[in-house]
Amino acid sequence: MAGAGSADQPLLLRASGPDEDEESGTSQNLGSVAASVPSSSSSSSSSGNSVVLFSSLVAVCGSYAFGNAVGYSSPAETGIMDDLGLSLAEGTWWLDAGRLLMGCGIGLLSYVVPVYIAEITPKNVRGVYTSLNQLMIGLGKAFMFLIGSLVSWRVLALIGTLPCLLQLLGLFFIPESPRWLAKVGREKDFEAALQHLRGKNANISQEASDIKDYMEHLRRMSEDGVTELLQWKYAYPLIVGVGLMIFQQCGGLNAFVFYTSTIFEEAGFSTTVGTIAAAVVQILSTTLGVLLMDKSGRRPLLLVSAAGGCLGCVFTGLSFFLQDLDSGAVLVSSLVLVGVLVFLGSFELGMGGIPWIIMSEIFPINVKGSAGSLVNLVSWIGSWFISYTFSYLFEWSSAGICAVGVIFIAKLVPETKGRTLEEIHASITNKNDHNLS
């Protein structure tokens, strides 16, 4: 597992951080993405729309691979243990090596993909395109759940390589991030990339000028490192970013995803039916979250998501409590099905993907790379700890953590919908001065 690298470096898709433009507050239908009208500062041709769409689709192949990696464990766990004769705590060295490399890859992709998409898309469709990251992660997990019930764990692993290969090939045909090019001083390449993204007949003069002015402003600012993040002025955004990732992981998201089959099996419910139902619920919930992202805002979705996750944990914990009391098998299996579906559906609605979006919005640009790396590292350490200890703490419920998460979101997490990054950072500074001083 690994945190994302500095946003100043040309890692994978060479993203330097979401730009300062205003994210659209208008709800967009995913089906209209290809025909969207970009920023008023540079009218775009249909060829520009096609390039942005293609580039975004290549990028979210990484998000789909992320979902595949997360969703692989649940359907593959039993087959691996049976075929290789392993206990739950064992693993051969090449399995450990594979998971380590996979962790490095998705740790990078989880931060770089949404940042790259935010940099290449016009501001009035940025919300929809960035939400594709969340959608593809959900679809990747759901696909593993569905196919995993039909094929062996080895075949499932081979299927998981396909989106990686598609992205690797596609990277040769998509442009660099114009903002990254501007930041490193490659002005001609910057203008060429921006023109390519907006279309050959589009007027990019105003947008290019705005980007150059902002990059000149950045050059006058000192680049803060990880140690400087501990300064008081960054306390509030750091608390919000790290806090969301802690509640995401400790709330049990990856634990439920990794061990869905085990939960159903322990409760005496059909693992095949249960995993298929879980896959369908995740697809529907993730799609709904994407469609509501720019309409309802981040905070309401996070609040509903955390509250629903709490309810799902209660149902799941209650089912195993009743099982210990030798209650009816039908009641136990029904409760665990409801609990798992409510939890996964609720978390995929918001807590599964929105924390990554908020993380890219709340940190000032001069510390976005180091702050993103730190928060990313916290997230994946939490994921490892929860997934490793879940089997030994199987009957523990995450309901209390989800409940505290609701309070945390209500009290501290800012709404970022429809606001420029400057407005977000100004409000965070004011809140930091008044609430944390």
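Since we're looking at a predicted model, the values are computed, not measured.

Caption draft 1: The overall build of the protein chain, seen in detail. Scanning the protein chain from N- to C-terminus turns up 18 helices and zero strands. Relative to its 437 residues, the protein chain shows a buried fraction of 53%. Considering only contacts within the protein chain whose residues lie at least 6 apart along the sequence, 84% involve residues at least 24 apart. Summing over all exposed atoms, the protein chain offers an accessible surface of approximately 18000 Å²; the carbon and sulfur share of this is 66%.

Caption draft 2: Structural view of the packing of helix H13 (residues 298-324) against helix H15 (residues 354-362). Relative to each other, H13 and H15 sit at 145°, their axes nearing to 11 Å. In this structure, H13 meets H15 at a crossing whose hand is left-handed. In this structure, H13 uses Arg298, Leu301 and Leu302 to contact H15, whose residues at the interface are Ile354, Pro355, Ile357, Ile358 and Glu361.

Caption draft 3: Geometry of the confidence of the model for the protein chain. Looking at the protein chain, pLDDT values average 77 and 80% of them are 70 or higher. Taken element by element, the predicted model of the protein chain shows its lowest mean pLDDT in helix H18 (residues 421-435) (66) and its highest in helix H5 (residues 162-170) (93). Low pLDDT, under 50, characterises residues 1-43; the predicted model gives this stretch 154 contacts beyond four residues in sequence or across chains.

Caption draft 4: How the structure looks around the state of the cysteines. In total, this model carries zero disulfides according to the counting rule given. Cysteine cysteine 164 is unpaired, with the sulfur of cysteine 61 as its nearest cysteine sulfur at 9.1 Å. Since its relative accessible area comes to 42%, cysteine 164 is described here as partly exposed.

Caption draft 5: Representation of a nonpolar patch on the surface within the structure. A cluster of nonpolar residues, Phe54, Leu162, Leu165, Leu168, Phe172 and Phe173, forms a patch on the protein surface that exposes about 700 Å² of accessible area. With three residues, H5 is the largest single contributor of residues to the nonpolar patch. Among the structural elements, leucine 162 can be located in helix H5.

Caption draft 6: Representation of H13 in the model. Over its 27 residues, H13 extends 39 Å from the first C-alpha to the last, a length consistent with the 39 Å expected when each residue adds 1.5 Å. Aspartate 326 sits one or two residues past H13 and shows a positive phi near 60°.

Caption draft 7: Highlighting the pattern of salt bridges. All chains considered together, the criterion is met by six salt bridges. A salt bridge links glutamate 348 to lysine 141; its shortest N-O distance comes to 2.4 Å. One end of the pair, glutamate 348, is in helix H14 (residues 329-349); the other, lysine 141, is in helix H3 (residues 126-148), with 207 residues separating them in the sequence. Under the relative-accessibility criterion, lysine 141 is labelled buried at 4%. Residue arginine 186 pairs with aspartate 189 through a salt bridge whose shortest N-O separation is 3.1 Å.

Caption draft 8: Representation of the packing of aromatic side chains in the model. One pass over the full model with this rule turns up seven aromatic pairs. Centroid distance phenylalanine 66 to tryptophan 380: 5.4 Å. Interplanar angle 50°. Geometry classified as tilted. Residue phenylalanine 66 is located in helix H1 (residues 46-84), and its partner tryptophan 380 is located in helix H16 (residues 368-389); the two are separated by 314 residues in the primary sequence. The class for phenylalanine 66 is buried, based on a relative accessible area of 6%. Classification of tryptophan 380 by relative accessible area gives buried; the value is 8%. A ring pair is formed by phenylalanine 256 and phenylalanine 343, whose centres lie 4.0 Å apart and whose planes are at 20°; its orientation type is stacked. Here phenylalanine 256, found in helix H10 (residues 253-258), pairs with phenylalanine 343, found in helix H14; they are 87 residues apart in sequence, far enough to count as distant.

What counts and how
Residues numbered from 1 in each chain as written. Predicted model: local features only at pLDDT ≥ 70, side-chain atom pairs only at ≥ 80, totals over all residues. Heavy atoms only, no water. Helix = DSSP H or I, 4+ residues; strand = E, 2+ residues; numbered from the N terminus. Buried < 20%, exposed > 50% of the residue type's maximum accessible area, 1.4 Å probe, protein only. Contact = heavy atoms within 4.5 Å. Areas by Shrake-Rupley, 256 points an atom, 1.4 Å probe, with all protein chains shown as cover. Axes fitted to C-alpha atoms, helices over the stretch in contact; angles between N-to-C directions. Left-handed = near helix turned anticlockwise from the far one by under 90°. pLDDT = per-residue confidence, 0-100. Disulfide = S-S within 2.5 Å. Patch = residues over 30% accessible without salt bridge, like charges linked within 9 Å, V, L, I, M, F, W, Y side chains within 5 Å. Salt bridge = Lys/Arg side-chain N within 4 Å of Asp/Glu carboxyl O. Expected span 1.5 Å × (residues − 1). Phe/Tyr/Trp six-rings, centres within 6.5 Å; stacked < 30°, edge-to-face > 60°.

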